[in-house]
Amino acid sequence: MSIGEDTHGTAEFYKFRAALTKALINNKGFKTIILESPFDDIEVLSKNLKSTPMNELIHSYLLSIYHTQEMKEFLDWLKFEGIAMGVKFKGCDDSYWLIHDLIGSELALQSDIEIARRSKEYLSIVEKYYGENDRNRFKIGSGVYQSLLSIDKYLYENGLQTAILNELIHNAKNSFLNYWLIENGKPIKSRDEIMAERITFLAENNNEKIIVWAHNAHISNDVIIDNEIGLMGNQLKEKFGKDYYSIGLCSLEGGYTYIENNFIYDDHDYSDKLLKEVITFQPDTSWEQVFNKISASPFFIESFDIKKELPGKEVFGKLKLLGYTKETKNDYYDASLLSMFDAVVFIPHTSATTPLLED
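Residue numbers here run from 1 along each chain, matching the order of that chain's written sequence. Local features in a predicted model are, by the rule used here, given only for residues with pLDDT of at least 70; side-chain atom pairs are given and counted only at 80 or more, and totals for whole chains, interfaces and linings are based on all residues. Side-chain measures here rest on the full set of heavy atoms in the structure, leaving out hydrogens and waters.

Got a sec to walk through the overall build of the protein chain? Specific residues and values, please.
When helices and strands are tallied, the protein chain shows 14 helices and 10 strands. It is over C-alpha atoms that the radius of gyration is taken, and the globule rule equals 2.2 Å times the number of residues to the power 0.38. Taken against the 2.2 N^0.38 rule, which gives 21 Å for 359 residues, the C-alpha radius of gyration of the protein chain at 21 Å falls within 12% of a compact globule. Here the term buried applies to any residue with accessible area under 20% of the maximum for its type, exposed to any over 50%, and partly exposed to those in between, with areas from a 1.4 Å probe on protein chains only. Residues classed as buried in the protein chain amount to 54% of the 359 residues present. Of the contacts made within the protein chain by residues no fewer than 6 positions apart, 76% connect residues no fewer than 24 positions apart. Just so you know, the count uses Lys and Arg for positive and Asp and Glu for negative, and it drops His and the chain ends. The location of each charge is read from NZ of Lys, CZ of Arg, CG of Asp or CD of Glu. Taking the average location of the 38 positive side-chain charges in the protein chain and that of its 55 negative ones, the two points are 3 Å from each other. Numbering of helices and strands runs from the N terminus, with a helix taken as a DSSP run of H or I at least four residues long and a strand as a DSSP run of E at least two residues long. Here a residue-residue contact requires only that any non-hydrogen atoms of the pair lie within 4.5 Å.

Structure (structure tokens):
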């Protein structure tokens, strides 16, 4: 299951996702929550959830868009209740900053001379990767990927692979795959494709029910723009069929938070300030305007019910897909909402998330 959002800065969406997630865990046996965030950051955050002050964890290991009271409340629940119930918290985005230390620490536990040699070689290439400029990083990044392949192959061939190493190396390989593809003149994989592969890996290897927290643009069952937006959800729908159930969250008007940084994954500095704004450019003919005419109160509707009334027809309208930056007119797309999501939650008026208070 995936639960979306049409902005990363809407308070009601976080509260709804938290409430639904807790209900699914308590009543339906769900055990894993996957956040649209770097995999390695979430691994380190989860490892330190019991020992490190929550504000410190959030500022260090969560993207700035998640530096909110709403996210802190959910993580407090995870810390004090969720973990005791066996709930796992994971990320599905690229890992560049902490993944190598995590892998190195796990490899150091292996009492194997060849593993020690390959690990040393791998970490040496990684050091060069961070010491080079962007032009040379493509070649060195390809070397990181090939080194990971070599380690992975040796572990499997010698029966040394562990579940933790398997997961760490899988995520690291996915993060550096495009360097190797570029170096070898092959088509690269999109961010959505790679996120889908990470989620699929967790679903297949852990054999657990998963809840994904990500933007509406990622969880969509249909690919809607330039063979990119919706590709994650589309691949998961094709892979898991009815077992992949997407819920889009949308609103008509109200506040939201955003950051001014347009390149959120370029570094490991999560110090961007959360700013507040109100939704401004909502078109008169948008899906949100139509929903508001149906009901001025929040409601839930399943797409299947409407499709029965419109057999064989696709209905398009403008739909807000606002990410983590300030809203523009370009954040509204022509989309067939009924094909994008298995269900939709509409909240007419929403409010901005509350920036995290200092300790």
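Give a detailed account of the side chain of S142, specifying residues and quantitative values.
Relative to the helices and strands, S142 resides in helix α7 (residues 134-157). A relative accessible area of 2% places S142 in the buried class. Non-local contacts of S142, meaning those with residues more than four positions away in its chain, are made with Y179, W180 and E183.

Mind laying out the environment of Q69, listing which residues take part and the relevant values?
Within the element layout of this structure, Q69 appears in helix α4 (residues 69-82). With a relative accessible area of 19%, Q69 lands in the buried category. Each C-alpha atom, one on Q69 and one on P53, is 14 Å from the other, the two residues being 16 residues apart in sequence. Ignoring anything within four residues of it in the chain, the contact list for Q69 reads T354, P355, L356 and L357.

Report on the packing of aromatic side chains, specifying residues and quantitative values.
By convention, a stacked pair of Phe, Tyr or Trp rings (six-membered ring in the case of Trp) has centres within 6.5 Å and planes under 30 degrees apart, an edge-to-face pair has planes over 60 apart, and any other such pair is tilted. Throughout the structure, instances matching the rule amount to 15 aromatic pairs. Residues Y129 and Y130 carry aromatic rings whose centres are separated by 5.0 Å and whose planes lie at 80 degrees to one another, so their mutual orientation is edge-to-face. A relative accessible area of 29% means that Y130 is categorised as partly exposed. Ring centres of Y129 and Y179 lie 5.6 Å apart, and the angle between their planes is 80 degrees; on these two criteria the pair is classed as edge-to-face. Residue Y129 is found in helix α6 (residues 113-131), and its partner Y179 is found in helix α8 (residues 163-183); the two are separated by 50 residues along the sequence. A single burial state applies to Y129 and to Y179, both of which are buried. An aromatic cluster is present here, built from Y96, W97, Y129, Y130, F138, F176 and Y179 joined pairwise through their rings. Between R17 and the ring centre of Y14, over which it is positioned, the NZ or CZ distance is 5.0 Å. Any Lys NZ or Arg CZ that is within 6 Å of a ring centre and within 35 degrees of that ring's normal is treated as a charge sitting over the ring.

How would you sum up the environment of G255? Please name residues and give values.
Tracing the backbone through its elements, the reader meets G255 in strand β5 (residues 246-258). Taking the relative accessible area as the measure of exposure, G255 reaches 12% and is therefore buried. The sequence separation of G255 and V344 amounts to 89 residues, and the corresponding C-alpha distance is 20 Å. In contact with G255, other than residues within four places in its own chain, are G9, E277, V278, T350, S351 and A352.

Please provide a residue-by-residue account of the pattern of salt bridges, values included.
By salt bridge we mean one thing: a side-chain nitrogen of Lys or Arg within 4 Å of a carboxyl oxygen of Asp or Glu. The tally for this structure, following the rule as stated, stands at 18 salt bridges. With a closest N to O distance of 2.7 Å, K90 and E167 form a salt bridge. Within this pair, whereas K90 is found in strand β3 (residues 88-93), its partner E167 is found in helix α8, the two being separated by 77 residues in sequence. For the salt bridge of K237 with D342, the shortest nitrogen-to-oxygen distance reads 3.1 Å. Highlighted residues: K237 in helix α11 (residues 231-240) and D342 in the loop between α14 (337-340) and β10 (343-350), separated in sequence by 105 residues. On the basis of relative accessibility, which here comes to 21%, the residue K237 falls in the partly exposed class. Since its relative accessible area comes to 18%, D342 is described here as buried. Through salt bridges that share partners, E114, R117, R118 and E121 make up one connected network.

Would you mind going over α8 in detail, with residue names and values included?
Here, expected helix span is obtained from the residue count minus one, scaled by 1.5 Å. Between its terminal C-alpha atoms α8 stretches 30 Å, which fits the 30 Å expected from 21 residues at 1.5 Å a residue. One axis is fitted to the seven residues ending at the residue and one to the seven starting there. The bend at that residue is the angle between these axes. Along α8, the sharpest kink reaches roughly 40 degrees, centred on F176. In terms of residue burial, α8 counts as a mostly covered element, since 16 of its 21 residues are buried. Immediately beyond the C-terminal end of α8, within one or two residues, lies G185, with a positive phi of roughly 65 degrees.

Before we move on, can you summarise the packing of helix α5 (residues 99-107) against α8 with the specific residues and values?
The interhelical angle for the contact between α5 and α8, taken along N-to-C directions, is 145 degrees, at an axis separation of 10 Å. By crossing handedness, the relation of α5 to α8 is classed as left-handed. Here α5 contributes I99, H100, L102, I103, E106 and L107 to the contact with α8, which in turn contributes I164, L165, L168, I169, A172 and F176. Just so you know the grouping, Ala, Val, Leu, Ile, Met, Phe, Trp, Tyr, Cys and Pro go in nonpolar, Asp, Glu, Lys and Arg go in charged, and all remaining residues, Gly too, go in polar. The class makeup of the residues in the contact of α5 with α8 is 10 nonpolar, one polar and one charged. Axis lines are fitted through C-alpha atoms, for helices just across the contact stretch, and the angle between N-to-C directions can take any value from 0 to 180 degrees. Crossing handedness is defined as follows: a turn of the near helix away from the far one that is anticlockwise and smaller than a right angle gives a left-handed crossing, while the clockwise case is right-handed.

Residue-level account of the side chain of E193, with values.
Of note, E193 is situated in helix α9 (residues 191-206). No salt bridge forms around the buried E193; measuring N to O, its nearest opposite-charge neighbour K189 is 6.0 Å away. Engagement of the side chain of E193 in a polar contact is seen with the backbone nitrogen of S190, the distance being 2.8 Å. Once residues within four sequence positions are removed from consideration, E193 is found in contact with I188, L231 and Q235. Side-chain atoms alone can form a polar contact between residues adjacent in sequence; in general such a contact is a pair of N or O atoms within 3.5 Å, and within protein one must be able to donate a hydrogen while the other accepts it.

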